[in-house]
Amino acid sequence: MTTAYLALDQGTTSTRAAVFDTSGCLICLAQKEFKQIFPQDGWVEHDLEEIWQTCIEVIAEATAEARRQGHKVKAMGITNQRETTCIWNRGTGIPVYNAIVWQDRRTSVFCGELSSAGHETFVSERSGLLIDPYFSASKVRWILDNVPGARQQAERGDLAFGTIETFLIWRLTGGKFHLTDATNAARTSLFDIRSGQWDRGLCELFDVPEAILGEVRDCTNIDVDTSVLEGDQLKILSSIGDQQSAAVGQACFEPGDIKSTYGTGGFLMLNTGDLLVRSSNRLVSTIGLQVGGTRTYALEGSIFVAGAVVQWLRDGMGLIKHASETSVRAQKSGDDELYMVPAFTGLGAPWWVPEARGAVFGITRDTGPNDFIKAALDSVAYQTCDLFDALACDGVTPKAVRVDGGMATNDWFLQRLSDLLDLTVERPSVTETTAVGVAMLAALADGVFSDLRDIGKNWQLEAKFQSTMNLEVRRQLKSGWGKAIERTKLRL
Ligand code: ADP
């Protein structure tokens, strides 16, 4: 039997368990989708019991399949949708409210008040983040203020807060461990990324009692035993936020390395090494990785709606049956003047306008479904351009970007991305980069690799896209997008 490592990848729309061998090759994958709950405009929740069930089921399915294929799953790692906020009772393990998902905008008024009161600098100096409903802190406050009795229970120490990995570690260890890793802690807006500690000042600003916070460990120093799985109990050796895990899976280990992941949202991450680089263009600074007590910092840009716009074409508009159709359908459209700004839940980086909502510009009598599909894919490429333009203003001009996530299977989209960015776009042979990242960190923690570079040797290029677009055409297209963004920001 060969040794393998399992990644539990708890994403925004589905939970996956993927088993990899030590060269990073995928052995098997189990996946389950779960319900998206939209109680009001701009609100997004997940049922934590349903998420928990999907986790148990996919772990059981993937370990059984790996065993059937002759592999022994030695240990596991957890990677997760970040910022999504969970609060549960320490005694019963029962959540006091649904998880409030990273996309949720219900705290935008409160965040606006904090910004207007001049707290931006204080928050960004310590947390590296901006004040926005996206990050966990204002969501924690909302639950404590809106669930009857929750604040008093939290102050008494009866409640625990965590992002998804913390909730899962708690459940998987039968309530023995309340802990997180530095990359996930860095997304809460309660954590000082300079010192690597929870920050009292931030907790006070967001009205979050320190008693609900857990312990923070290195990504490769989780080291706890599960006790509730069917059959063999696995050790959890690693934990890391999904975007940071994708950066590991993309072997972005050197300062200057950059990856962009296109799942539900789109996430660009630039490795800045041991330097905590501050953006002057509203990108956030965060912890990319923490191994052996050493923090690697990153600059990040988050697009709230990437693949979600394709889901909307399918489920909301009924324009397509499968996401994969978009490639051929977009190719059939020659319309470069239709702009769609999918600000369904506000605009993320570098604009940060939580109250903005989606808009389409340039509809004519000839506009048809294929044009809408093309404009939707274009919108993700243009949003990426905005992030690269922000990076360029900060003095960073990468030569290539490594891409992954569901949308990265779409060749038309990647060619368009390369054309609009004027950059080489690289797709790796293992597209499950988020899962492979945390699995390889578990293997690192287990002594399989000597260091991160050793993991990086597994990365292989599958396809490369290079720009063929004329400079003037690019300039005109981007200028049209810029106008569409300005008008969307105004909101009706
Ligand atoms: P997540 O981890 O956020 O759930 P995934 O990485 O699994 O996301 O990607 C799923 C997203 O990618 C969906 O929103 C889907 O619409 C989109 N997607 C999948 N395949 C394609 C495709 N061929 N073209 C465009 N979008 C796609």
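It should be noted that the structure appears before, not after, this text.
Read on for a plain summary of the structure. (Residues numbered from 1 in each chain as written. Predicted model: local features only at pLDDT ≥ 70, side-chain atom pairs only at ≥ 80, totals over all residues. Heavy atoms only, no water.)

**Concerning helix 9 (residues 242–249)**
Right, so step 1: Counted residue by residue, helix 9 has eight buried out of eight residues, so it is predominantly covered.
Right, so step 2: Three or more residues of helix 9 are buried, namely Asp242, Gln243, Gln244, Ser245, Ala246, Ala247, Val248 and Gly249.
Right, so step 3: Looking one or two residues beyond helix 9, the residue adopting positive phi is alanine 251, at roughly 55 degrees. (Buried < 20%, exposed > 50% of the residue type's maximum accessible area, 1.4 Å probe, protein only. Helix = DSSP H or I, 4+ residues; strand = E, 2+ residues; numbered from the N terminus.)

**Examining the pattern of salt bridges**
Right, so step 1: Following the criterion strictly, the structure yields 41 salt bridges and no others.
Right, so step 2: Between lysine 478 and aspartate 389 there is a salt bridge whose closest N-O contact spans 3.3 Å. Highlighted residues: lysine 478 in helix 16 (residues 471–490) and aspartate 389 in helix 12 (residues 369–393), separated in sequence by 89 residues.
Right, so step 3: For lysine 478, a relative accessible area of 26% translates into the label partly exposed.
Right, so step 4: On the accessibility criterion, aspartate 389 (34% relative accessible area) is partly exposed.
Right, so step 5: One salt bridge in this structure joins arginine 427 and aspartate 411, with 2.9 Å as the shortest N-O distance. Within this pair, whereas arginine 427 is found in strand 22 (residues 424–428), its partner aspartate 411 is found in helix 13 (residues 411–421), the two being separated by 16 residues in sequence.
Right, so step 6: Residue class for aspartate 411 comes out partly exposed when judged on its relative accessible area of 39%. (Salt bridge = Lys/Arg side-chain N within 4 Å of Asp/Glu carboxyl O.)

**Here's the deal with the pairing of strand 14 (residues 235–241)**
In the case of a regular strand, side chains alternate between the two sheet surfaces.
Right, so step 1: Most of strand 14 sits inside the fold, with six of its seven residues counted as buried.
Right, so step 2: Where strand 5 (residues 71–80) and strand 14 come together, six bridges link them in parallel fashion. Bridged to isoleucine 78 within strand 14 is serine 239.
Right, so step 3: Bridge count between strand 13 (residues 224–225) and strand 14: two bridges; the pairing is antiparallel. Each residue of the ladder has a partner; that of valine 224, found in strand 14, is isoleucine 236. (Pairing = 2+ DSSP bridges.)

**Quick word on the site of the ligand**
Right, so step 1: The ligand sits among 16 residues. The nearest are Thr13, Arg16, Thr264, Gly307 and Gly406.
Right, so step 2: Between the ligand and threonine 264, the relevant distance is 2.7 Å, taken from an oxygen atom to a side-chain nitrogen or oxygen of the residue.
Right, so step 3: Contact distances for the ligand include 3.4 Å between an oxygen atom and a side-chain N or O atom of glutamine 311.
Right, so step 4: Its free accessible area being 570 Å², the ligand has 82% of it covered by the protein chains. (Near = heavy atom within 4 Å. Polar contact = N/O pair within 3.5 Å; in protein donor to acceptor, adjacent residues only side chain to side chain. Areas by Shrake-Rupley, 256 points an atom, 1.4 Å probe, with all protein chains shown as cover.)

**Structural notes on the pairing of strand 18 (residues 294–303)**
Right, so step 1: Of all ten residues that make up strand 18, nine are buried, and the element is covered over most of its length.
Right, so step 2: The pairing of strand 16 (residues 266–273) with strand 18 spans seven bridges and is classified as antiparallel. If you follow asparagine 271 over to strand 18, its bridge partner there is alanine 298.
Right, so step 3: Pairing between strand 17 (residues 284–291) and strand 18: seven bridges, direction antiparallel. Note on strand 18: the bridge partner recorded for valine 284 is glutamate 300.
Right, so step 4: The loop that links strand 17 with its antiparallel partner strand 18 comprises two residues; one of these, glycine 292, has a positive phi angle of about 55 degrees.

**Section: the sheet that holds strand 22**
Right, so step 1: Here seven strands make up an open sheet; going across it, the order is 17-18-16-15-21-22-23 and the pairing mixed. A strand with exactly one partner marks an edge of an open sheet, and here the two such strands are strand 17 and strand 23 (461–465). On average, each strand axis in the sheet is tilted by 30 degrees relative to the strand beside it, whichever way the strands run.
Right, so step 2: On the sheet, helix 12 packs against strand 15 (258–262), strand 16, strand 18 and strand 21 (400–404) and is oriented at approximately 135 degrees with respect to strand 18. (Axes fitted to C-alpha atoms, helices over the stretch in contact; angles between N-to-C directions. Contact = heavy atoms within 4.5 Å.)

**Concerning the nonpolar core**
Right, so step 1: Core analysis: the largest hydrophobic core is formed by 68 residues, its most contacted members being Tyr262, Trp352, Phe388, Leu391, Met407, Phe413 and Leu417.
Right, so step 2: If you look at the next biggest cluster of nonpolar residues, it comprises 37 residues, including Leu8, Ala17, Leu172 and Ile222. (Core = buried A, V, L, I, M, F, W, Y, C linked by side-chain atoms within 4.5 Å.)

**Some remarks on the packing of aromatic side chains**
Right, so step 1: Tallying each qualifying case throughout the model produces 18 aromatic pairs.
Right, so step 2: Between phenylalanine 191 and tryptophan 198, the ring centres sit 5.4 Å apart and the planes meet at 80 degrees, which makes this aromatic pair edge-to-face.
Right, so step 3: The class for phenylalanine 191 is buried, based on a relative accessible area of 1%.
Right, so step 4: The ring of phenylalanine 110 carries arginine 141 above its face, with NZ or CZ at 3.7 Å from the centroid. (Phe/Tyr/Trp six-rings, centres within 6.5 Å; stacked < 30°, edge-to-face > 60°. Lys NZ or Arg CZ within 6 Å of the ring centre and 35° of its normal.)

**Comments concerning the environment of alanine 160**
Right, so step 1: Note on placement: alanine 160 falls in strand 8 (residues 159–162).
Right, so step 2: Under the relative-accessibility criterion, alanine 160 is labelled buried at 0%.
Right, so step 3: When the C-alpha atoms of alanine 160 and glycine 93 are compared, they prove to be 9.0 Å apart, with 67 residues separating the residues in sequence.
Right, so step 4: If we ignore the near neighbours within four places in the chain, the residues touching alanine 160 are Cys86, Ile87, Trp88, Arg90, His178 and Ile212.

**Structural notes on the sheet that holds strand 3 (residues 26–33)**
Right, so step 1: Strand order in the open sheet formed by six strands is 3-2-1-5-14-13, and the pairing between neighbours is mixed. The sheet is open, and its two borders are formed by strand 3 and strand 13, each paired with just one other strand.
Right, so step 2: Sheet analysis places strand 1 (residues 2–10) next to strand 5, joined by nine bridges and oriented parallel. When the bridges of strand 5 are listed, aspartate 9 appears paired with threonine 79.
Right, so step 3: The strands that helix 1 (residues 48–68) touches are strand 1, strand 2 (14–21), strand 3 and strand 5; relative to strand 3, the one it contacts most, it runs at about 155 degrees.
Right, so step 4: Strands strand 1, strand 5, strand 13 and strand 14 of the sheet are contacted by helix 6 (residues 164–172), whose axis makes an angle of about 140 degrees with strand 5.

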